[in-house]
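Listed below, chain by chain, are the residues.
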Amino acid sequence: MKQYIQLTNEEIKRSFKLYVIVVLVMAAIELVSVVAQVMLHEQNIKNFMENNRATLSEALQQIGKLDYADTTSFFVFMTLIGIVFVVIYAFQIWYRDWLGETKYIYRLLMLPGRRYSIFFSKLTAVFLVMISFIGLQWCFLKAGSYLFDWSIQAEYQKSSNTNIFSSSLEEFYTTNLTNMIFIILISTMIVCLIFLLVLLERSHRKVKGLIRVAIETTIFVSYAFVCIYFLDQTHLLLSSEKDALFIGFVFVYMIYACWRSLRLLKWKISV
Amino acid sequence: MRSYKYFIGFILISVVSLAFYVGYVLNLEKPELVVETKSGSPKQSTLQNLQINLIDVVRQPTDFSVSIKDGQVSESKSSYLNNMYLDRVYINDKAPRSFKQFMQEETYTLMQDSVTYGLKGREDGSWELQYWDLKTKKLTTKQLSTPSEVNNKKYAYSPFQRTEDLLYVERNSMDEQTQRSFIYVIDLKNNSVRKQQLPIKLKKNEYIESFYKGQLLFSQTYFPKNNPDTEQQRLLMTDGKKTKRLKQLEGEDFNTRILNEGKLIVTINENDETQLSWNTFDMESEKYTVHQVPLPDRKKFPDGGGFPVSILENGRIYFSYQLKNDDYRVLVFNPTSANIEYEGNITNKNPKIKLSLSDMRLK
Amino acid sequence: MLEVHGLQKKYGKKPVLQGVSFSVPMDQLTCLIGLNGEGKSTILKAIAGLVPVNAGTVLVDGEINRNKIAFVPDIQTMPGYMTVGDALTYMADYYSDWNQETANELMRIFQLLSTDKITDLSKGNQAKVSLILGFALDRPYLLLDEPFAGIDLFTKEQIAGLFSSHFMEGRGILMTTHEIQEIEHLIDRVVFLQDGRIIDEHETEEMRELYGKSVQDRMREVYQR
């Protein structure tokens, strides 16, 4: 346990600087975009009034008022970038130990104790990055809404609307916590898959490694297809039971991916 | 010894930031829904346990189900997970699992007067019939031998009406609408199936609406010469000897519903924002009634939307619509006498939350 | 005694090790000699558990126990952002048999500062750090993969001096190196590897008596056949 915590601490420490930079850049872009869009909207109104010799209310009627959801498009982009970052991190957290000037993988594999702490420390690091992104992005969303309220003039703002999400952002930031848990679960499964593919590639040389990766990807796709097809076609189960079984399938795959990865780490992995 | 500050720090960041999110969701403002009865008793038996479903469309689909009987409000949210696999047919929660599972198979269904019927054709040509009575909470299962010409692979046998102890079943071809001159009748008392000749042979564009004591009510679609792009519908009744058109029941925006085990035909127009109008026709007495109930306080939606909801069951019309002050009116009345048996309002005391009418169910 | 029995390793269809067996006695420095690409590093990595083998076993004092082996590879293994002090703290955190006193002494001898960033160090100093990380573990068997590769003569002599004064007692050392002449006087045993097989194995004293040759001369003889 101690080794696992130490290793997780080390993994996070190694990426911390980059993580902070990414988070700060994302926050800056998002928050600045909110203010920029408010200012742009104001400018558009002013331009309309000048060009058409219209009153403010006419301009607002023509162009429309602004609500916070209208200014959150950059949050969607940043969320997507965050997803890409997590996927890249899931690969990089392994490959950086093999590639580059120093070969930290030697040090890891020579550590006393069981090798599963190596695996789980990296999994924990990626998982923490993922959920911290989700949580922090939420905080930025809220901060953005306060910034919006502060920067926009009252008459330019759409009347009281409790919705702070654009429709595309709603897909990620739902008010249904079940959806959030579902997203985290599926994401963790994908991270487990990535880890398995990396370890397969690292356990075999060159072409053989790529072949193994292709086979494993095919296995995953086939498994997913069979499960979804079965759930779709079967009449033996009710929808609530199918939901539970779907979650079960996800867990089964995660356990399989972790088990295989641990076996590779123990018996097959090569520096 | 090295500190674990990064590990602990990250966990704190993750947990605290997620906690904000969870806290926001859990503290989201909710509507305060209150039932105010204007007339009639919410506990009367015809109401059963009438539930009006309101939906918060602004912030993720959240259903608020209001019980007229006791004013209880239950909330349910649809998630990605439960939108992936929806039950083919909605079955009341209290029904046994075996029935719910049976209804997911290739069954043909009928819901009438709080009873849900499912009919399934077996490979050996027989039928399995199961039906769940919501009022008595009783499940009945029957294995039925069928006449020799019944072919479950080629045709779909779909129940369309129950009258007393007879369940009428229509035969449809999988490929195309064929001419139909007969239906099947399941006698629920002695578990038999027999063929029943229809008074006339129905054509492709003709559809059974009701069959009552030898009288067939059917609809006929056509494209009028002066408006060839718009399909119209005629309602006709025949006993095989004479056929008459029930013109008084017809009308644009009028939907045909069958009540009282096929005896009462109701056509109802819910889309008129100024009034609710419906016509009835008694198959036995062949008498018409025409009714309008003005709805002066019904909210108008110039851009569309704001649709009312209704159920026609148990010989009653259950009708709900949105008022100008954003409350929701619930009316229950007898379609022939227009006697209002229940009138009530659902008021949302938290006007910040905008809701829409979604559904109405009898539980 | 560290005993290697029948190690076999293939990369694809190409056999690299074909039944390698030899031993590393306690209190002796055993040198594994072979031309480039013969599989010397592979043997050391296999013993350390860093590469899987197709067959064979490694016994340490009669049992399978890698916790009695310390391995110093020929490359830097600590993350680049670490300082020397961080690296020593890392080892102290993970290894219960880490000897901080030995580490401090070696730091003093090598004149390294704990605040030095490892990637900023010269190759020679990086090699010194690697040696500290290996030698400061109180383990009876030490594997060294090309410890002198790419470092200057003075440092080589310094390290060679340390072998006899600090590193040999109570240890069995297995080393691969091409720099035979600097440390020939320290080598107690040589093992010759060719085409994935052990072709010759001698105590150096016995070899000098038997053939009248130095290790280097014997090496030339073996590989020129």
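Here the structure is a predicted model, which means the values were calculated and not measured.

1. So, the overall build of chain C
Looking only at helices and strands, one finds eight helices and nine strands in chain C. Against the compact-globule benchmark of 17 Å for 225 residues, chain C has a radius of gyration of 17 Å, which places it among compact chains. Principal-axis analysis of the C-alpha atoms places the extent of chain C at approximately 50 × 35 × 30 Å. The 225 residues of chain C split such that 42% are buried. Nonlocal contacts in chain C, meaning residues at least 24 apart in sequence, comprise 71% of its contacts between residues at least 6 apart.

2. Topic: the interface of chain B and chain A
Between chain B and chain A, the residue contacts involve 34 residues of the former and 34 residues of the latter. For the side of chain B that touches chain A, the secondary structure elements donating two or more residues are helix H1 (5–26), helix H2 (80–84) and helix H3 (97–104) of chain B. Per element, the largest residue contribution to the side of chain B that touches chain A is twelve residues, and it comes from H1(B).

3. As for the packing of helix H5 (residues 116–151) of chain A against helix H7 (residues 177–203) of chain A
All names here are of chain A. At their nearest, the axes of H5 and H7 sit 11 Å apart, and the two run at 145° to each other. When the axes of H5 and H7 are compared, the crossing they make is right-handed. From H5, Leu-123, Val-126, Phe-127, Met-130 and Ile-131 reach across to H7, where they touch Ile-184, Ser-187, Thr-188, Val-191 and Phe-195. The residue makeup of the contact of H5 with H7, split by class, is eight nonpolar, two polar and no charged.

4. Some points on the domain arrangement of chain A
Residue and element names in this part refer to chain A. Considered domain by domain, chain A is made up of domain 1 (1–173) and domain 2 (175–271). Across the boundary between the two partners, domain 1 contributes 19 residues, which contact 14 residues of domain 2. Breaking the side of domain 1 that touches domain 2 down by element, the ones donating at least two residues are helix H3 (73–98), helix H4 (104–110) and H5. Taken together, the residues of the side of domain 1 that touches domain 2 break down into 17 nonpolar, no polar and two charged.

5. Here's the deal with the nonpolar core
One finds A:Val126, A:Val129, A:Phe195, C:Ile47, C:Ala87, C:Ile132 and C:Leu143 to be the most contacted residues of the largest nonpolar core, which totals 122 residues. Ranked by residues supplied to this core, first place goes to H5(A) with 16 residues. Residue contacts for C:Ile47: discarding those within four places in its chain leaves C:Val4, C:Val58, C:Ile69 and C:Leu143. Judged by nonpolar contacts, the second largest core, of 60 residues, contains B:Phe160, B:Tyr184, B:Phe281 and B:Tyr318.

6. Regarding the packing of H7(A) against helix H8 (residues 206–233) of chain A
Residues and elements named next belong to chain A. As a packed pair, H7 and H8 sit with axes 8 Å apart at the nearest point and diverge in direction by 155°. Classified by the interaxial angle, the pair formed by H7 and H8 is roughly antiparallel. For the crossing formed where H7 meets H8, the hand is right-handed. In this structure, H7 contributes Leu-193, Leu-196, Leu-197, Leu-200 and Glu-201 to the contact, and H8 contributes Gly-209, Leu-210, Arg-212, Val-213, Glu-216, Thr-217 and Phe-220.

7. Concerning the sheet that holds strand S14 (residues 215–222) of chain B
Residues and elements named next belong to chain B. The four strands lie next to each other as S13-S14-S15-S16, forming an open sheet whose pairing is antiparallel. Because the sheet does not close on itself, it has two edges, and the strands there are strand S13 (206–212) and strand S16 (243–245). The sheet shows a mean angle of 25° between the axes of neighbouring strands, direction not considered. In this sheet, S16 lies alongside strand S15 (residues 232–238) in antiparallel orientation, the contact comprising three bridges. Along S16, the bridge assignment pairs Leu-236 with Arg-245.

8. Some remarks on the sheet that holds strand S8 (residues 189–194) of chain C
Strand pairing in a sheet takes place through backbone hydrogen bonds and is either antiparallel or parallel in direction. Residue and element names in this part refer to chain C. Reading across from one edge, S5-S6-S7-S3-S8-S9 is the order of the six strands in this open sheet, with mixed pairing throughout. Of all strands in the sheet, those with a lone pairing partner are strand S5 (69–72) and strand S9 (197–203), marking the two edges. Averaged over all pairs of adjacent strands, the angle between their axes in this sheet comes to 15°, without regard to strand direction. Pairing of strand S3 (residues 29–33) with S8, which is carried by four bridges, proceeds in the parallel orientation. Opposite Ile-33, over in S8, you have Phe-192 as the bridge partner.

9. Some details on the pairing of S14(B)
Each regular strand shows side chains that alternate between the opposite faces of the sheet. Residues and elements named next belong to chain B. Examined bridge by bridge, S13 and S14 share six bridges and lie antiparallel to one another. In the sheet register, Tyr-207 faces S14, and the bridge partner there is Ser-219. Once S13 ends, the chain turns through two residues before running back antiparallel as S14, passing Lys-213 with a positive phi of about 45°. Note: S14 against S15, seven bridges, orientation antiparallel. Across the sheet, Phe-218 pairs through a bridge with Leu-236, a residue of S15.

Conventions we followed
Residues numbered from 1 in each chain as written. Chains lettered and ligands numbered in written order. Predicted model: local features only at pLDDT ≥ 70, side-chain atom pairs only at ≥ 80, totals over all residues. Helix = DSSP H or I, 4+ residues; strand = E, 2+ residues; numbered from the N terminus. Rg over C-alpha atoms; globule rule 2.2 N^0.38 Å. Buried ≥ 20, exposed ≤ 12 C-beta atoms within 10 Å, placed from the backbone. Contact = placed C-beta atoms within 7 Å. Axes fitted to C-alpha atoms, helices over the stretch in contact; angles between N-to-C directions. Left-handed = near helix turned anticlockwise from the far one by under 90°. Nonpolar A, V, L, I, M, F, W, Y, C, P; charged D, E, K, R; others polar. Domains from an automatic or database assignment. Core = buried A, V, L, I, M, F, W, Y, C linked by C-beta atoms within 7 Å. Parallel < 35°, antiparallel > 145°, perpendicular 65-115°, else oblique. Pairing = 2+ DSSP bridges.

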